[in-house]
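Analysis of the macromolecular model
Chain by chain, the residues:
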Amino acid sequence: MSTSEIGTGAVPPAGTTTPEAPAPTGATSPSAPTAPDTTPPDTTAPGPTAPGSAGPVASGPGAPAGKGVAPDPTTPAGKAPAPATPTDKAPDPATPAGKAPARKPRRELLAASVGSVVEAYDWTIYGVLAPYFAEQLFPGSSPTARLIAAYLGFALGFLVRPLGSVVIGRLTDTRGRRFGLTLTVGLIAAGSLLLAIVPGHASIGLAAPLLVVAARLVQGLSVGAENPTAAAYVTETAPGRHRYFYSAVSYGGVVLGSALSFIVLSVLLGVFGEAGVEDGAWRLAFVFGALLGLTALWIRRGAAESEVFAEDARTRKRTRGGASPWPVLRAHLGPLSVVFAITSGATTVFYFLTVDFPSYAAAAGAATKEEASGALLLGMVALLAGMLAAGKAADRFGALPVLRTGFAGLALGSVPLLAGMVAGRVPVPVVTVVLLFLLALPLAVSNVFAGQLFPPAVRAVAVGLPAALAISLFGGTFPALAEWLRSAGHGGWVPWWPAITCAAALLASWGVREHPLPDTPVSE
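Description of the structure in this document. The shown structure was predicted, so the numbers you read here are calculated from the model rather than taken from an experiment.

Looking now at the overall build of the chain. Per the secondary structure count, the chain includes 16 helices and zero strands. Counting all 524 residues of the chain, 47% fall into the buried class. Taking contacts inside the chain between residues at least 6 apart in sequence as the whole, the part at least 24 apart equals 83%. Carbon together with sulfur atoms contributes 68% to the accessible area of the chain, which is approximately 24700 Å² in total.

The structure is reproduced here in structure tokens:
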């Protein structure tokens, strides 16, 4: 019997007495006169007699009915009580009677979301600041060569993201969600701290760029596992009726972290000027990232472990270190391919709009880079608002209708909308707001939806590996692909690639059904 059944009319465990039972024979209740005895003559043998007592001792509900002993209404007189069932457990002394262990879903949501902000900020700030620190940290015959070297360091981080999703994801699936959450944010904070204090190339020579690359590799490993780890945690801890809203909030941290990197750069330029940032003020941005990471680490260390993971870990029979996840992953090749396709569509659009769009608009003559960047700020507001609205809608109507609506709109509407912008018929801000709002629909729900496709034993790896591969192949390469198309005179083809990947994601979404696994919470 669970503790929640105590005091609700359920039969207590054998060997206990109910508070309502009258005293043994010869005693009367002080609160009410003794009722006339209408019990039929007792034909059963009397129960054991306690020393000094006046009659039989009640041995619990279902004890033989006799004078002065209240019969158990659930047990016919003269019959022995039913033996206790395996569910008749004593209450946990640490848990108040009638109450389940307290959960704090908002604290758990904060733990998942704050790490997303840190990861996105620390990942993005490198690319934002590269033009300012390349001169100090990288060798080269010209400023352009040094900047290219700095961007190569940025690209290397993408290459190790799949490795991070497997290595750290596996630790998350064996050691716990809380362990994975603290490890990822700790690693990326350490990488930012190293970037903040690394001496310049003039001081330590080639060791400077090597340390920078090492920091980026560590951050790449961390980012490759952060999102799937947070997705697994939110999948298992979010209240059932708010699951997708929690998914939207946690992934919204990625958008906030990316925006925060541009805000920090603007503050540095306003305080120190461009020359001051190049002379070393850029290091303050990495110091801020490290401090932000330490704050997130403190928050995550106080978060509770996922009860779903803890229960699954207790029931799994495995050798030390855990059984290989590959047989389970091979049994889920269909869902793995769906996660890959969904991530490919979303990441291609995301990098097109947030990284390449200013260059695309300027090359097409629709707006200057500054005007396009300003329009993106409005689009980011629409993205955040759309994610929250999409989370609410998915909790009511299901994730697949919301996800498919977004991908259908992007697949069918992005090329005509951008063509109208190039022709001067559609304002640039309208394009950014509409496209980013449509992108918000799959982004809001894909994390938790993907998490529900896999069992807890492989959830972090199964979500992380295909997603990291898709981001590396489609997201990280898109700006270079778009620039190559423009240089070859085919700039008009650029919008077609996001549209095609979204169409593929839409088709792939019919390869799975929406049904939360039984291990995920279905109610608060």
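That shown, we press on.
This part covers the nonpolar core. The biggest cluster of nonpolar side chains holds 88 residues, and the ones touching the most others in it are Phe 357 and Met 387. A per-element tally of this core places helix α13 (residues 428-451) first, with 14 residues. Beyond its immediate stretch of four places on either side in the chain, Phe 357 contacts Phe 352, Ala 372, Leu 376, Leu 418, Met 421, Val 428, Val 431 and Thr 432. In this structure, Leu 129, Phe 133, Ala 134 and Ala 215 belong to the second largest nonpolar core, which totals 25 residues.

Once rolled over the atoms, a probe with the size of a water molecule shows which space is left empty. One pass over the structure, following the stated rule, counts two cavities of 30 Å³ or more. In this structure, the second largest cavity occupies an estimated 40 Å³ of space. Elements that contribute at least two residues to the lining of the second largest cavity include exactly α10 (333-364) and α12 (399-422). A total of three residues in the lining of the second largest cavity trace back to one element, the largest contributor, which is α12. Classifying every residue of the lining of the second largest cavity by side-chain character gives six nonpolar, one polar and no charged.

This part covers a nonpolar patch on the surface. On the surface, Ile 263, Val 267, Val 271, Phe 272 and Leu 284 cluster together into a nonpolar patch covering about 470 Å² of accessible area. For Phe 272, the position within the fold is in helix α7 (residues 243-301).

So, on to the pattern of salt bridges. Applying the stated criterion across every chain yields a total of seven salt bridges. Across the pair Glu 236 and Arg 177 runs a salt bridge whose closest N-O atoms are separated by 2.8 Å. Here the residue Glu 236 occupies a position in helix α6 (residues 207-237), and Arg 177 occupies one in helix α4 (residues 177-197), the gap between them amounting to 59 residues. Between Arg 459 and Glu 236 there is a salt bridge, with its nearest N and O atoms 2.7 Å apart. Of this pair, Arg 459 sits in helix α14 (residues 459-475) while Glu 236 sits in helix α6; the two residues are 223 residues apart in sequence, bridging distant segments of the chain. When sorted by exposure, Arg 459 lands in the same class as Glu 236, which is buried. One network of salt bridges, with partners in common, ties together Asp 173, Arg 177, Glu 236 and Arg 459.

Taken as a whole and assessed by the stated rule, the structure comprises 16 aromatic pairs. Ring centres of Phe 133 and Phe 286 lie 6.1 Å apart, and the angle between their planes is 55 degrees; this geometry places the pair in the tilted category. Here Phe 286 lies in helix α7 and Phe 133 lies in helix α1 (residues 105-137), a separation of 153 residues in the sequence. The class for Phe 133 is buried, based on a relative accessible area of 1%. Exposure remark for Phe 286: the relative accessible area of 1% places this residue in the buried category. Ring centres of Phe 352 and Phe 478 lie 5.7 Å apart, and the angle between their planes is 75 degrees; this geometry places the pair in the edge-to-face category. Placement of the pair is Phe 352 in helix α10 and Phe 478 in helix α15 (residues 478-487), with a sequence separation of 126 residues.

Definitions and cut-offs
Residues numbered from 1 in each chain as written. Predicted model: local features only at pLDDT ≥ 70, side-chain atom pairs only at ≥ 80, totals over all residues. Heavy atoms only, no water. Helix = DSSP H or I, 4+ residues; strand = E, 2+ residues; numbered from the N terminus. Buried < 20%, exposed > 50% of the residue type's maximum accessible area, 1.4 Å probe, protein only. Contact = heavy atoms within 4.5 Å. Areas by Shrake-Rupley, 256 points an atom, 1.4 Å probe, with all protein chains shown as cover. Core = buried A, V, L, I, M, F, W, Y, C linked by side-chain atoms within 4.5 Å. 1 Å grid on protein atoms, 1.4 Å probe; cavity = no way out; pocket = protein on both sides within 12 Å on 5 of 7 lines; lining within 4 Å. Points joined across faces, edges and corners; volume = space filled by probe spheres on them. Nonpolar A, V, L, I, M, F, W, Y, C, P; charged D, E, K, R; others polar. Patch = residues over 30% accessible without salt bridge, like charges linked within 9 Å, V, L, I, M, F, W, Y side chains within 5 Å. Salt bridge = Lys/Arg side-chain N within 4 Å of Asp/Glu carboxyl O. Phe/Tyr/Trp six-rings, centres within 6.5 Å; stacked < 30°, edge-to-face > 60°.

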